[in-house]
Amino acid sequence: MSFTDRRAEQLRAEADHATAVACCTTCQSAPGYDCHHPDGTPAPVHDSRYTEAEGNAA
Ligand SMILES: [Zn+2]
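Residues numbered from 1 in each chain as written. Predicted model: local features only at pLDDT ≥ 70, side-chain atom pairs only at ≥ 80, totals over all residues.

J.: Before we move on, can you summarise the overall build of the protein with the specific residues and values?
T.: From N to C terminus, the protein includes two helices and zero strands. In terms of overall dimensions, the protein has C-alpha extents of about 35 × 30 × 15 Å along its principal axes. Residue burial in the protein is summarised as follows: out of 58 residues, 10% are buried. Within the protein, contacts between residues at least 6 apart in sequence are counted, and of these 38% link residues at least 24 apart. (Helix = DSSP H or I, 4+ residues; strand = E, 2+ residues; numbered from the N terminus. Buried ≥ 20, exposed ≤ 12 C-beta atoms within 10 Å, placed from the backbone. Contact = placed C-beta atoms within 7 Å.)

J.: Mind laying out the nonpolar core, listing which residues take part and the relevant values?
T.: If you look at the biggest cluster of nonpolar residues, it comprises five residues: Ala18, Ala22, Cys24, Val45 and Ala53. Here Ala53 is in contact with His17, Ala18, Val21 and Ala22, once residues within four sequence places are set aside. (Core = buried A, V, L, I, M, F, W, Y, C linked by C-beta atoms within 7 Å.)

J.: Which residues make up the environment of Ala20, and what are the values?
T.: With respect to the secondary-structure elements, Ala20 resides in helix α1 (residues 3-21). For Ala20 and His36, which are 16 residues apart along the polypeptide, the C-alpha to C-alpha distance reads 15 Å. Once residues lying within four places of it in the same chain are set aside, the contact partners of Ala20 are Pro31 and Gly32.

These values are about where atoms sit, not about what they do.
What follows is the structure, given as structure tokens:
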């Protein structure tokens, strides 16, 4: 596996972790629910959600 593949895998794992453990203060998604845009369409995990996940881990 190349470095790029490992990095992509790590980012995906971090996004999955943040989605699983943290609520999103940007789009108000509860833990376990994916981020979404205001119009309800799926969105990438918001930066604030990573911050929430890190806070929970500390
Ligand atoms: Zn969000």
